[in-house]
Amino acid sequence: MKVSTKGRYALRMLVDLCEHECEGYIPLKEVADRQEISKKYLEQIIPLFNSTDILISARGNQGGYRLGRLPKDVSVGEVLTIAEGSISPVSCVDEEMDCERLKNCPTRKVWQNLDTVIKDYLYHVSLQDILNDKTK
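Residues numbered from 1 in each chain as written. Predicted model: local features only at pLDDT ≥ 70, side-chain atom pairs only at ≥ 80, totals over all residues. Heavy atoms only, no water.

Peer 1: Would you mind showing me how to read the overall build of the protein chain here?
Peer 2: On a plain count of helices and strands, the protein chain comes out with 6 helices and 2 strands. Ordered by position in the sequence, the α and β elements of the protein chain form the string α-α-α-β-β-α-α-α. The dimensions of the protein chain, computed from C-alpha atoms along their principal axes, are 60 × 30 × 25 Å. Counted over contacts in the protein chain with a minimum sequence separation of 6, partners at least 24 positions apart contribute 64%. Here the protein chain carries 19 positive and 21 negative side-chain charges, and the mean point of each set is 3 Å from the other. (Helix = DSSP H or I, 4+ residues; strand = E, 2+ residues; numbered from the N terminus. Contact = heavy atoms within 4.5 Å. Lys, Arg positive; Asp, Glu negative; His and termini not counted. Charge placed at Lys NZ, Arg CZ, Asp CG, Glu CD.)

Peer 1: What should I look at first to understand the pattern of salt bridges in this one?
Peer 2: Between side chains of opposite charge, a pair can form when the charged atoms approach closely. The tally for this structure, following the rule as stated, stands at 8 salt bridges. Among the ionic pairs, Asp 16 bridges to Arg 34, the shortest N-O distance being 2.6 Å. In this pair, Asp 16 sits in helix α1 (residues 5–19) while Arg 34 sits in helix α2 (residues 28–35), placing the two residues 18 residues apart along the sequence. Residue classification places Asp 16 among the buried residues on the basis of a relative accessible area of 1%. Given the relative accessible area of 33%, Arg 34 is considered partly exposed. Residues Glu 30 and Arg 34 are paired through a salt bridge, measuring 3.7 Å at the closest nitrogen-oxygen approach. Of this pair, Glu 30 and Arg 34 both sit in helix α2, 4 residues apart, roughly one helical turn. (Salt bridge = Lys/Arg side-chain N within 4 Å of Asp/Glu carboxyl O. Buried < 20%, exposed > 50% of the residue type's maximum accessible area, 1.4 Å probe, protein only.)

Peer 1: Explanation requested: the side chain of Arg 108 in the structure shown.
Peer 2: The residue Arg 108 is located in helix α5 (residues 108–122) in this model. No salt bridge is formed by the buried Arg 108; its nearest oppositely charged neighbour, Asp 115, is found at 8.4 Å.

Peer 1: Looking at this structure, I do not really get the packing of α1 against α2. What am I missing?
Peer 2: Between two packed helices, both the angle of their axes relative to each other and the distance between the axes serve to describe the pair. Where α1 contacts α2, the two axes come as close as 10 Å, and the packing angle between them is 110°. Here α2 runs roughly perpendicular to α1, going by the angle between their axes. Contact residues: α1 offers Arg 12, Met 13, Asp 16 and Leu 17, while α2 offers Leu 28, Val 31, Arg 34 and Gln 35. Here the residues of the contact of α1 with α2 are counted per class, giving 4 nonpolar, 1 polar and 3 charged. (Axes fitted to C-alpha atoms, helices over the stretch in contact; angles between N-to-C directions. Parallel < 35°, antiparallel > 145°, perpendicular 65-115°, else oblique. Nonpolar A, V, L, I, M, F, W, Y, C, P; charged D, E, K, R; others polar.)

Peer 1: Looking at this model, I keep getting lost on the pairing of strand β2 (residues 64–67). Mind explaining?
Peer 2: One face of the sheet, then the other: side chains in a regular strand alternate in exactly this way. Taken together, the 4 bridges between strand β1 (residues 55–58) and β2 define a ladder with antiparallel strand orientation. Residue Ser 57 lies in a different strand from β2, and its bridge partner there is Tyr 65. Linking two consecutive strands that pair antiparallel, namely β1 and β2, is a turn of 5 residues; a positive phi of about 100° is found at Gly 60 within it. (Pairing = 2+ DSSP bridges.)

Peer 1: How should the packing of α1 against helix α4 (residues 76–84) be read in this particular structure?
Peer 2: Relative to each other, α1 and α4 sit at 130°, their axes nearing to 8 Å. On the basis of their axis angle, the class for α1 and α4 is oblique. In this structure, α1 crosses over α4, and the sense of that crossing is right-handed. For the pair α1 and α4, the contacting residues are Lys 6, Gly 7, Ala 10, Leu 11 and Leu 14 in the first and Val 76, Val 79, Leu 80, Ala 83 and Glu 84 in the second. Of the residues in the contact of α1 with α4, the class split is 7 nonpolar, 1 polar and 2 charged. (Left-handed = near helix turned anticlockwise from the far one by under 90°.)

This is the structure:
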């Protein structure tokens, strides 16, 4: 599994918002500057979170973005799944996959087990865990 820049930048953006949550709504330009990520690129990531409760936005002079949930309640797995679409190591472990070899594939169990390990880890690491590690 390889996480794209979209997934990595989405995670960095959310961690940045967590770090500055006491400042209220944070303009995207500030996040982009601090994280050295193009604001245009972050503007492409933001819509992925529109239908979730992870981000809250406000328009206007004091507008920007902030986390909609506590950092402890947002997992890395959830963020990456939203940004990437799927975090499965191979497509045959996704439920939508229709493969003629599915029932007789000798390696499918390997991929299913790897998928389980990856998701168990990523869904048990929260944004708060990242913040805690950074302060150690």
